[in-house]
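Each chain is listed here by its residues.
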Amino acid sequence: MLLMDPSRKISFNRCIRDGDLVIVYERHDIMKAVKVCENSVFQNRFGLFKHSDWIGKPFGSKVFSNKGGFIYLLAPTPELWTLVLSHRTQILYIADISFVIMYLEIVPGCLVLESGTGSGSLTTSLARAVAPTGHVYTFDFHEQRAASAREDFERTGVNTLVTVGVRDIQGEGFLDEFSGSADSVFLDLPQPWLAIPSAGKMLKQDGVLCSFSPCIEQVQRSCETLRSNFTDIRTFEILLRTYEVREWKMDCSKVDDGGSVACPPGKRRRQPSSEGSVRDNPSCAAVMARASAEARGHTGYLTFARLKCMS
Amino acid sequence: MSESKPESAPVLNPRVTWEGCSVLLDINDGDRLVFARLSAGSTLKIGNKTCSLQPLIGCPFGSLFQVESGKEKPYLSRFVPPTEENNVQDEGGCQLQEVPRDNRAIIDNNQAQSLTGEDIDAMRSQGATGNEIVEALIANSATFEKKTQFSQEKYRLKKQKKYAPRVLLRRPFSRSICEAYFKKYPVRIGFLRVDALSLLLSMANVTANSDVLVVDMVGGLVTVLWLNVWECDIVVKYCGILGTGSVCSTYLGETPYPIEIIRMFNFNNEICKRILRCSLDDLCSVQNETGIQVSQHEDVCTMEIHSNEKTSLLVSTEEVPLSSINGVTDLVPENELTSSKTCKAPKAGEKAPKEAIQSWKKNGFSSLIIAAPEQDAWSLVKDLLPLLTYSAPFAIYHQYLQPLATSMHNLQLEKMAIGLQISEPWLREYQVLPSRTHPCMQMSGIGGYILSGTRLYTDTSQP
């Protein structure tokens, strides 16, 4: 991610270079991550795009294909990455990600432990939060997924902030070397209560833990286990409702039609004089907002807890 | 290769409180949140008892204290809950009893308790602890045995909160401050709820290296969002080689908006230096006046006075003892925190120096956050978006939907931004207890709306 490396920061003067990762924006729900390569081309339903046309242009530019179609080239951010990454597992989206980072009280310099890595969606945002001096140690028990995650972190440039390990945290717990050194721990496991005791050992005093579980039974069991060594246990769910905006040009002249609007007699008499002014402005444009028809019903429950202070 | 975070930062370990530090006091498990600055003289009032906060100095964050009635006056004593006992006492650990009880025979006529107020006072003066009083109340309740197990727990907890209140010592983080304000003074922060606040941070891609342009009319809450990332004092030691970011809090007109919330944190001077103020006119003007450096000192004083006035109006003195502001007129010396003889809060919000303004104009800001719940969003966006670098994200918070709808529409028409989305966050908390898990009865109905998007490259040479 460009911002994490001050030498490659985006700015008015920073243009797309060979080797940069760009996000190709076709539509709000059709985006793709592409590595810019001098001799490569990008093809989609709008036509063929030469990477060489992209080099030297600022991020945020509109570029054209051989057929006259266009796309936008955006600088990668963890949010955009979440929308374009390949899903090897179910991922976390921005609503949960942003809440987790705030509630885990992650600041630059923090050491964060995560399990499982999954597709690395949250991990990328964790890296942003701990940059530039912190670190994220993330673990997945699936060797291939861990390898894919490592590749992704290299592509997006967060590999200096993230270390991926292959380990079954549920079965074996975290490594002893992290004992007492983690500021925050994040768990996204099928049976998090098995990992909670180990997580407790890893956390610094007053450190925060978060467990993400889709099912309420998992939450109940996790909370039961948390009660021995943790305090301030809270469970939330968070969702985003999106809105669509439309300009609605209403045909105001219709309102004059005495038949369609029931007016008291007094008003009707006044109509002829106002008719003229309305006709001068035949359409009243108004921007209206309406909730999107499609909505997400549930992602998972987020349970946060703080390690009890025992000393 | 585990991080060797130096625990040897000056004198301070941010996990332990010190004289003069800002803390968040969590009374009775979230019932009430109070901000305080720890000093020999500071006190806390719970119910009708006033306790000194001195015992809290030098304790680790996360320590629990219980109010005890001493011979002379109530005091806070450090309380370490034994884990075993908790499993029995706490709601979580109980098993369902064999014979299920219910409340069919219980009549609520206020006659059940045989101990009177005078009895309790007598017990107190004899030195009974809070817990002993709670046990006595239970023993003298005619209906206690008839209650269901859950009901008994609820009763015990209620009595404990009243007669042996507990205070949890916490660090002030954006999250807790936002929650406290949202609960108590939501209007002051424009109903900016903690999940909306966290979304602003993510959607605007704020990180340590960001140059963030902020319009903060929510008391400083959004400005500190960025700063919160620097909360850890240990980090400050390496400030020079750490992130190069800064935050520019801009304002319309002559006077900056009050950012009293910043003082609740334990930011030291290095960090505060990165919060800069610049009026919108200055940012947008083509050349920079020569008068900037000269008037810098005056502006700083004016700003301080302005903040003082506003603060005394806005802040309730009981909950937020910010009287320390009165002592601050000059820049505190660099190593103020290490000596910490006084309770002065380092000053933030210096007027931006010319070099900073020029740098921002040259490179553009990398993030834009607008939290001006009473303003017209479009007029602000129109003026500020050009200051944002190409392909940089922005997030605009408003408590009403319409201004954002208009802005989104205009941004689309003028092709200034892409990936536009208006989101409304929805947050619900759950009570999780054995056989009693359900969403909380109360929830917040308003979290505001956020318009987010990415700025597009606009070639000014094109028509």
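Above this text sits the structure in question.
Residues numbered from 1 in each chain as written. Chains lettered and ligands numbered in written order. Predicted model: local features only at pLDDT ≥ 70, side-chain atom pairs only at ≥ 80, totals over all residues. Heavy atoms only, no water.

(A) Structural detail: a nonpolar patch on the surface. A cluster of nonpolar residues, Trp-248, Met-250 and Met-288 of chain A, forms a patch on the protein surface that exposes about 270 Å² of accessible area. You can see Met-250 of chain A is positioned in strand E12 (residues 230–251). (Patch = residues over 30% accessible without salt bridge, like charges linked within 9 Å, V, L, I, M, F, W, Y side chains within 5 Å. Areas by Shrake-Rupley, 256 points an atom, 1.4 Å probe, with all protein chains shown as cover. Salt bridge = Lys/Arg side-chain N within 4 Å of Asp/Glu carboxyl O. Helix = DSSP H or I, 4+ residues; strand = E, 2+ residues; numbered from the N terminus.)

(B) How the structure looks around the packing of helix H3 (residues 130–139) of chain B against helix H4 (residues 149–163) of chain B. Residue and element names in this part refer to chain B. Where H3 contacts H4, the axes come no closer than 9 Å and their chain directions differ by 140°. Between H3 and H4, the interaxial angle falls into the category oblique. Handedness of the H3/H4 crossing: right-handed. Here H3 contributes Gly-130, Ile-133, Val-134, Glu-135, Leu-137 and Ile-138 to the contact with H4, which in turn contributes Tyr-155, Arg-156, Lys-159, Gln-160 and Tyr-163. Its residues assigned to classes, the contact of H3 with H4 comprises six nonpolar, two polar and three charged. (Axes fitted to C-alpha atoms, helices over the stretch in contact; angles between N-to-C directions. Parallel < 35°, antiparallel > 145°, perpendicular 65-115°, else oblique. Left-handed = near helix turned anticlockwise from the far one by under 90°. Contact = heavy atoms within 4.5 Å. Nonpolar A, V, L, I, M, F, W, Y, C, P; charged D, E, K, R; others polar.)

(C) Structural context of helix H8 (residues 216–229) of chain A. All names here are of chain A. Its 14 residues place the ends of H8 21 Å apart at the C-alpha level, agreeing with the 20 Å of an ideal helix rising 1.5 Å per residue. Along H8, the positions that sit buried rather than exposed are Gln-218, Val-219, Ser-222, Cys-223, Leu-226 and Arg-227. Its buried side turned inward, H8 meets helix H7 (196–202), strand E11 (203–213), E12 and strand E14 (301–307). (Expected span 1.5 Å × (residues − 1). Buried < 20%, exposed > 50% of the residue type's maximum accessible area, 1.4 Å probe, protein only.)

(D) Representation of the interface of chain A and chain B within the structure. On the chain B side, the residues contacting the 73 residues of chain A number 84 residues. Interface area, chain A with chain B, both sides summed: about 7300 Å², of which 59% is carbon and sulfur. Linking chain A to chain B there are seven salt bridges. Here Arg-175 of chain B makes a salt bridge to Glu-105 of chain A, at a shortest N to O gap of 3.6 Å. There are 24 residue pairs in polar contact (both at pLDDT 80 or more) connecting chain A and chain B. Among the secondary structure elements, those contributing two or more residues to the side of chain A that touches chain B are strand E6 (70–74), helix H2 (78–84), helix H3 (94–103), E11, H8, E12, strand E13 (283–291) and E14 of chain A. (Buried area = accessible area lost by both parts, 1.4 Å probe. Polar contact = N/O pair within 3.5 Å; in protein donor to acceptor, adjacent residues only side chain to side chain.)

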